[in-house]
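If you want the building blocks of each chain, they are given just below.
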Amino acid sequence: MSRILVINPNSSASVTAAIDEAVAPLRIAGGPDIDVVGLAEGPPGISTQRDADSVVMPLVNRVSRDDADAFVLACFSDPGLHAVREAAGGRPVLGIAECGIFRALMLGERFGIIALSPSSIRRQQRMVRVMGVDGRYAGSWSVGASAAETAGSDIRGRLIEAGRALVTQCRADVVVMGCAGMASHRAAIADAIGVPVVEPAQQAVAAAIGAILLNT
């Protein structure tokens, strides 16, 4: 049986649990096994560029010693994506930010991102510029929270407010959730703001399944 390893690069058990719940619908009969794990060496959340950089070598080492058929980096900073791809030796490695943004481009003309913090926004601005899709980027809107906080129910109202601001003030017609911990709120946000909302961990795992089944 083939296997996908989904790695939460932070050490928050609540975020890892939220990711595991989000990808549960993709555990289909005859499909690959999907294992979701945290990174014990990681910080409680990826809040800064320093946090993102700090997990690159732990991710490289984790992937190097694992025999999974594909890997998903379940942090919206896509930390160490290219280094991990080298370490994987040709096996697929999907970053949730790349996959979430690419999916958003299929659903609308302008996408916005719900961000954790102002420092997250700066990383997202760099990312969309490097990806060459800044012409369709409506902007990011911070909720001022940690990754672990986004997994709880108390923050849902702030996430909805951020999504609504992206639509009404930034003119986004599709919204991407900018942290894997937000996964359980996707449907509620979409219902409240009236545009498609992309949960990026789901999109990355779906892409990994396709890569395995199609051997690409």
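All values reported here derive from a predicted model rather than from experimental measurement. (Residues numbered from 1 in each chain as written. Predicted model: local features only at pLDDT ≥ 70, side-chain atom pairs only at ≥ 80, totals over all residues. Heavy atoms only, no water.)

Participant: How should the domain arrangement of the chain be read in this particular structure?
Facilitator: Accessible area lost during the coming together of the parts is what is often quoted as the interface size. You can read the domains of the chain as domain 1 (3–95 + 201–214) and domain 2 (97–199). The straight-line distance from the C-alpha centre of domain 1 to that of domain 2 is 20 Å. Across the contact, 25 residues belong to domain 1 and 27 residues belong to domain 2. Between domain 1 and domain 2, the buried area comes to about 1,900 Å², and carbon and sulfur atoms account for 57% of it. The interface formed by domain 1 and domain 2 includes one salt bridge. A salt bridge links R85 to E98, with the shortest nitrogen-to-oxygen separation between them at 3.2 Å. Taken together, the links from domain 1 to domain 2 amount to 14 residue pairs in polar contact (both at pLDDT 80 or more). For the side of domain 1 that touches domain 2, the elements supplying multiple residues, two or more each, are α1 (13–23), α4 (81–87), β4 (93–95) and α10 (200–214). By residue class, the composition of the side of domain 1 that touches domain 2 is twelve nonpolar, eleven polar and two charged. (Domains from an automatic or database assignment. Contact = heavy atoms within 4.5 Å. Buried area = accessible area lost by both parts, 1.4 Å probe. Salt bridge = Lys/Arg side-chain N within 4 Å of Asp/Glu carboxyl O. Polar contact = N/O pair within 3.5 Å; in protein donor to acceptor, adjacent residues only side chain to side chain. Helix = DSSP H or I, 4+ residues; strand = E, 2+ residues; numbered from the N terminus. Nonpolar A, V, L, I, M, F, W, Y, C, P; charged D, E, K, R; others polar.)

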